[in-house]
Amino acid sequence: MKAVYVSYEEALRALRDGAEHIFVSKTSKYKQNQQSFNKFVDELAQNKTCTVLDMKLNCIGPEGAVSLGRALERNTILRKLDLSLNYIGDIGAIAIAKALECNTALVELDLSCDPYGYGLAAMIDNAGAVAIAKALKTNTTLEVLFLDWNDIGTEGCEAIREALEYNHTLIILRLGDFEIATEVEGALYEKHQRRLLDMLNSDTKAPLNRSRVMFVGQGRAGKSATVRSLSLEGFVSEWNSTAGVDIKELRTSENKYWEEPWCYRDFTTQFAARLVFTPNGVTRKSQLPSSQNNNHQVSAAETVRVDYQTVPSKNSFGVLKGPDIMRESSNFFDAKRSIDSLTLSLWDFGGQEVFYSMHHLFLTKSGVYVVVFDMRELSEPSTRTEAKTYLLFWLRSIKLHAPNVSVLLVGTFLADIIEEKCNLQDIDKILRELTKLSFAEIVIPANFEHEDLIFFPIDNKEKMGIASLCDAIEQCARVDNSTSREVSVRWMTFLDSILGQKENQKAYLTFSDEVKSLGTNLGIHSVSEQEEALTLFHERGFLIHMTSTEILKNIVVLNPQWLIGALSKVICDGSIHINIDQFKEVGLEEDARVTYEKGLTSRDFLDFVWKSDQVEFFIDLMKRTMLLSKWDRESYLIPSLLRDTYVTPETDIVGLRCVFDFSASFLPNGVFQRLVCLCVELSSRNFGNTHSKLYENFAAIVLQQGMVRLLETKETQTVTLYVEDDSAAGNLLTIIQSMLQRVNSNVMGTGLTWETYVENSNTNELIRLSEAQPRKLPPWFNSDGMLGTKKTEIPSQSVDLDTFLGSL
């Protein structure tokens, strides 16, 4: 919040104390406090911190403006100055104009007046306007100038009109509501509008200046509070636990804080307007496709969609109306300010374990990852092991999906740690031990008050360490190569044409039909280029486009929050995110209980939580991403909701063992659940699941080749297959191995690695599969050295689910 200073003495102290925004109240009374005013102005001339000075209604008059003008000639930091209703007249305006000829900092200047205040003698006339016009010819920083409600006539307006031929930085101008003034204002706007339309009809390329920042960590660690702190929102002690993922967009700003992005009518306008004001022109221009290459001549109309309906209307003078100019010019002004800014798509991932299977679908290979942990949990011996487990899970998950991204470790509740006199170095030592082997991309804090730490200690309630974290995230996003990747105006138009379908009540589009048609209409005829653009839009958080199979590749979800929100209505922690009373009212209390206790959900339950909207789409998507499988005619299994743990000793499980060992790398949550999902889906197509037994970590399922028993052991990072019928051993091993490969390819970014061991039926020892094959070890290998008797070749992992399961 801006502080209000009621006297120049207070404002002077604020300047000396390093204040950035100063608002001097109209009660300061310049006439009675000229000496204090002059001291304040002298300090302003050499000040290095104040960027915004509001002196509205101080009535400093011509004399005060002359003093202030001399200060502005020396000041190099002030960016916004409000001198409205100060009645500085021509003498004051000439002094300010002289300062503008050499000042290289001021961006916004308000010299508007009020004819009913001190009379015409105290207002800016033609002489002052001519002086300002002369300054505009050489000034290269001023972007906003308000001169309305003064006494500027035709001579002054014409001088400013002439100056605008030389000035290329002024964006917003207000002279008044009379004819000549409105014409000059309109001419400035139309000048920028022409430049914008030229840019829209080009195929210019430049960096998108957008990154995705993912906040992950244990539940209740303070991820959402951290996002709120970075957004300059207040601390909320009773904030609800995040269900799934919460997404919001912020933009970096000149004041080093993040703010809500300007609301444009489309991304293309935003992108093109930024390019219009990029210094020294744009980065480069790509070659437009020619008829020689694709037998299609690209016209300007195809290159971009120009929405002429948004052009402002005109008044009785035949020129643009002032309010319309102000609204449209504000787009240009914001674009000019955002040349060097970044748009950050912030993804706040729910920390409860139930979401982890789903999260793997939305972790991208580029961007910035912020791993948030509660320092109290890590410093307390009784909770340390669990806290370390969650930290390792997320660090390994990030490495699995994005081995080369920047990772920031953020410890919360710093105030509590200080109060309890815990040593930050002890926490740092634990983190260094966790990360010493294989997490080289962790960002080390620089210029931080807590030296030699590999993490950022913060406190969201007390706002401690937030500014340093904000700077570090922004710097990581800027140095990320994906952020600086160039895109064309044509691609941004393609994006707008896709997202614009939301206005037609579309939740998603098909690539093969709708998206390809949109791209072709814009002159993007290459399918590979369209797919490349969609991949970029997905990575940056504009939309969701999964590419693991041909069927998933054909789906383009227009609103990521819509999809994640829908999935999170089913895949969630029933004890935290579900209100059981809503199900009682519609007779679905038992359905809800079975869903969140047994992982079995009914079609009626799904119809209710999804409000009978797109239910078939969600069921099909969850099947294809292996989050859900058919159980019987009336219900479905969601393995990530299974809660009962199998505790019978492992030695009691009957069968010969095949062990898939992930200990050399990582066995993330979601792999075992997807194995179960595929086995149940396969079983339901053949025998049904009458005899199946399911637990969080164990499953016994009947397949055509025999009974499959699967056991996940997190302590050893293994999944063990038990085969009771020796004759089915090779075939069942092949099936489970193929399923693991599909999970790895379709969900885990091919980052999973494992070693397979099979049990020697004579000695009970485990032997590497690669060693067992040359020995033709029975019953896993037949006499030809083949696994089992199945002759059908299992297809590529990118085929659709039905084809894959049919081959098994």
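Enquirer: Just to check I follow, could you spell out the sheet that holds strand 28 (residues 755-759) for this structure?
Expert: Within a sheet, adjacent strands bond to each other through the backbone by hydrogen bonds, running parallel or antiparallel. Spatial strand order, 24-25-26-27-23-28-29: 7 strands in an open sheet with antiparallel pairing. On the outer flanks of this sheet lie strand 24 (693-694) and strand 29 (766-768), each paired with one strand and no other. Of the strand pairs in this sheet, strand 23 (residues 656-661) and strand 27 (residues 718-723) are connected by 6 bridges, and their pairing is antiparallel. Note on strand 27: the bridge partner recorded for Val-659 is Thr-720. Contacting strand 24, strand 25 (698-703), strand 26 (706-713) and strand 27, helix 29 (residues 671-684) runs over the sheet at an angle of about 25 degrees to strand 25.

Enquirer: Help me understand the side chain of Arg-624, please; the structure alone is not making it clear to me.
Expert: Inspection of the secondary structure assignment puts Arg-624 in helix 28 (residues 615-624). Side-chain polar atoms of Arg-624 contact the side chain of Asp-620, separated by 2.9 Å. Those residues in contact with Arg-624 that sit more than four places away from it in its chain are Ile-551, Leu-552, Asp-800, Leu-801 and Asp-802.

Enquirer: What is the right way to look at the packing of helix 4 (residues 89-100) against helix 5 (residues 126-136) in this model?
Expert: Describing two packed helices takes the angle between their axes plus the distance from one axis to the other. Orientation of helix 4 relative to helix 5, taken along the N-to-C sense of each, is 5 degrees, at an axis distance of 8 Å. If you check the angle between helix 4 and helix 5, you find them roughly parallel. Together, Asp-90, Ala-93, Ile-94, Ala-97 and Leu-100 of helix 4 and Asn-126, Ala-127, Gly-128, Ala-131, Ile-132 and Ala-135 of helix 5 make up the contact between the two elements. Looking at the contact of helix 4 with helix 5 residue by residue, the class counts come to 8 nonpolar, 2 polar and 1 charged.

Enquirer: Where do I start with the sheet that holds strand 20 (residues 600-602) in this structure?
Expert: In space, the 3 strands of this open sheet follow the order 20-22-21, with antiparallel pairing throughout. The open sheet terminates on both sides in strands that have one partner only, identified here as strand 20 and strand 21 (629-630). With 3 bridges joining them, strand 20 and strand 22 (residues 635-637) adopt antiparallel strand pairing. By the bridge assignment for strand 22, Ser-602 is matched with Ser-635. Against the sheet, helix 26 (residues 589-598) touches strand 20 and strand 22, its axis set at about 150 degrees to strand 20.

Enquirer: How should the pattern of salt bridges be read in this particular structure?
Expert: Side-chain pairs of opposite charge can arise whenever the charged atoms involved come near each other. Inspection of the entire model under this criterion finds 36 salt bridges. We note a salt bridge from Lys-137 to Glu-162, for which the minimum N-O separation is 3.5 Å. Of the two residues, Lys-137 sits in the loop between helix 5 and strand 6 (144-146) while Glu-162 sits in helix 6 (residues 154-163), which places them 25 residues apart along the sequence. Overall, the relative accessible area of 36% leaves Lys-137 in the partly exposed class. Given the relative accessible area of 41%, Glu-162 is considered partly exposed. With a shortest N-O distance of 3.5 Å, Arg-490 and Asp-203 are connected by a salt bridge. Taken as a pair, Arg-490 in helix 19 (residues 489-499) and Asp-203 in the loop between helix 7 (179-200) and strand 8 (204-207) lie far apart in primary sequence, 287 residues in all.

Enquirer: Explanation requested: the packing of aromatic side chains in the structure shown.
Expert: Aromatic ring pairs: the centre-centre distance and the angle between the two ring planes describe each pair. Taken as a whole and judged by the stated rule, the model has 25 aromatic pairs. Ring geometry for Phe-267 and Phe-542: centres 5.0 Å apart, planes at 75 degrees, overall edge-to-face. Placement of Phe-267 in helix 9 (residues 267-276) and of Phe-542 in the loop between helix 21 (527-539) and helix 22 (550-553) is noted, with a sequence separation of 275 residues between them. Take Phe-267: its relative accessible area is 23%, and that puts it in the partly exposed class. Seen from their ring centres, Phe-583 and Phe-605 are 5.1 Å apart, and the 20 degrees between their planes marks the pair as stacked. Placement of Phe-583 in helix 25 (residues 580-584) and of Phe-605 in helix 27 (residues 603-609) is noted, with a sequence separation of 22 residues between them. Accessibility assignment for this pair places Phe-583 and Phe-605 in one class, buried. The rings of Tyr-356, Tyr-390, Phe-393, Trp-394 and Phe-666 are connected pair by pair, giving a single aromatic cluster. Its end group placed over the ring of Trp-347, Arg-212 keeps NZ or CZ at 3.6 Å from the ring centre. For the cation-ring pair, Arg-742 lies above Phe-804, with the distance from its terminal atom to the ring centre recorded as 4.8 Å.

Calculation rules
- Residues numbered from 1 in each chain as written.
- Predicted model: local features only at pLDDT ≥ 70, side-chain atom pairs only at ≥ 80, totals over all residues.
- Heavy atoms only, no water.
- Pairing = 2+ DSSP bridges.
- Helix = DSSP H or I, 4+ residues; strand = E, 2+ residues; numbered from the N terminus.
- Contact = heavy atoms within 4.5 Å.
- Axes fitted to C-alpha atoms, helices over the stretch in contact; angles between N-to-C directions.
- Polar contact = N/O pair within 3.5 Å; in protein donor to acceptor, adjacent residues only side chain to side chain.
- Parallel < 35°, antiparallel > 145°, perpendicular 65-115°, else oblique.
- Nonpolar A, V, L, I, M, F, W, Y, C, P; charged D, E, K, R; others polar.
- Salt bridge = Lys/Arg side-chain N within 4 Å of Asp/Glu carboxyl O.
- Buried < 20%, exposed > 50% of the residue type's maximum accessible area, 1.4 Å probe, protein only.
- Phe/Tyr/Trp six-rings, centres within 6.5 Å; stacked < 30°, edge-to-face > 60°.
- Lys NZ or Arg CZ within 6 Å of the ring centre and 35° of its normal.

Shape is all these values report; function is a separate question.
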